[in-house]
Amino acid sequence: MSVPNNELFPEIETIIKNLDFHSISAERKKLLQSLVDYIQDKVMHNKALRINFICTHNSRRSHLSQVWAQTLANRYGVQNVNCYSGGTEATALFPMAAKTLANQGFEISNLSEGNNPVYSIKYGENVHPVIGFSKTYDDTFNPKSDFAAIMTCSQADAGCPFIAGAEKRIPITYEDPKAFDDTPQQAEKYLERSLQIATELSFVFSKIKLE
């Protein structure tokens, strides 16, 4: 059931309303059902929900997933949700990933500069921002137990067979837009990936029964 949240920036709300669940294949929906079931169980038992999106470098797909998941939990009224991201190694949040979110209506602010800058990423006026920077999945910023590990890239899924503290491990992998860096298709491909992630995670949270 959709529970529109007026706290979202209007541009983001418009994007969410226009997402097409029919674009998700039956195979992907079956994969996403594992995450639906995990979230639903937490909601039914009134337990805190922690989701850690994990990719190799924590620079693109895992950040897009974290930001959209936090936004969509708010959009569909799912309470007590904290979304995280991490990598098997730390690099930096790639500027085009941040720019893509900014172009979709997120308010992006630099909290620090350097080789691994820290960003504030807001999806509404009165919500706590997502803090975006590259880190390993077991960084002190991330949960140590009672979380779902969502593997957003096949390399991390294959190279990280055990995630300490994870209650559930779900491979929901995405193609890396990095392949199009420094090409005329770069902006288009980053937007395409962001919208795919938004569509699938919107589908997930739309399935959650709140009562």
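I will try to describe carefully the structure that is included in this document.

Conventions used here
- Residues numbered from 1 in each chain as written.
- Predicted model: local features only at pLDDT ≥ 70, side-chain atom pairs only at ≥ 80, totals over all residues.
- Heavy atoms only, no water.
- Core = buried A, V, L, I, M, F, W, Y, C linked by side-chain atoms within 4.5 Å.
- Buried < 20%, exposed > 50% of the residue type's maximum accessible area, 1.4 Å probe, protein only.
- Contact = heavy atoms within 4.5 Å.
- Helix = DSSP H or I, 4+ residues; strand = E, 2+ residues; numbered from the N terminus.
- Pairing = 2+ DSSP bridges.
- Salt bridge = Lys/Arg side-chain N within 4 Å of Asp/Glu carboxyl O.

1. Quick look at the nonpolar core
Move 1: Within the largest apolar cluster, 47 residues are counted, with the highest numbers of intra-cluster contacts made by Leu35, Ile39, Trp68 and Phe205.
Move 2: Other than its neighbours up to four places away in sequence, Leu35 contacts Ile51, Ile150, Ile170, Ile172, Leu201 and Val204.
Move 3: Counting residues in hydrophobic clusters, the runner-up holds 6 residues, among them Ile54, Phe147, Ala149 and Met151.

2. Details of the pairing of strand S1 (residues 49–55)
Move 1: Within S1, 6 of the 7 residues are buried, which leaves the element mostly enclosed by the surrounding structure.
Move 2: Judged from the 7 bridges that link them, S1 and strand S2 (residues 81–87) form a sheet pairing that is parallel. Bridging across to S2, Leu49 finds its partner in Val81.
Move 3: In terms of strand pairing, S1 meets strand S6 (residues 147–151) through 4 bridges, oriented parallel. Bridge pairing in S6 links Asn52 to Ala149.

3. Brief notes about the pattern of salt bridges
Move 1: For the structure on display, the rule yields 6 salt bridges.
Move 2: With its nearest N and O atoms 2.8 Å apart, the salt bridge here joins Arg60 to Asp181. Taken together, the residues span a long stretch of sequence, with Arg60 in the loop between S1 and helix H3 (61–75) and Asp181 in the loop between strand S7 (166–171) and helix H6 (186–206) at a distance of 121 residues. An identical accessibility class is assigned to Arg60 and Asp181; each is buried.

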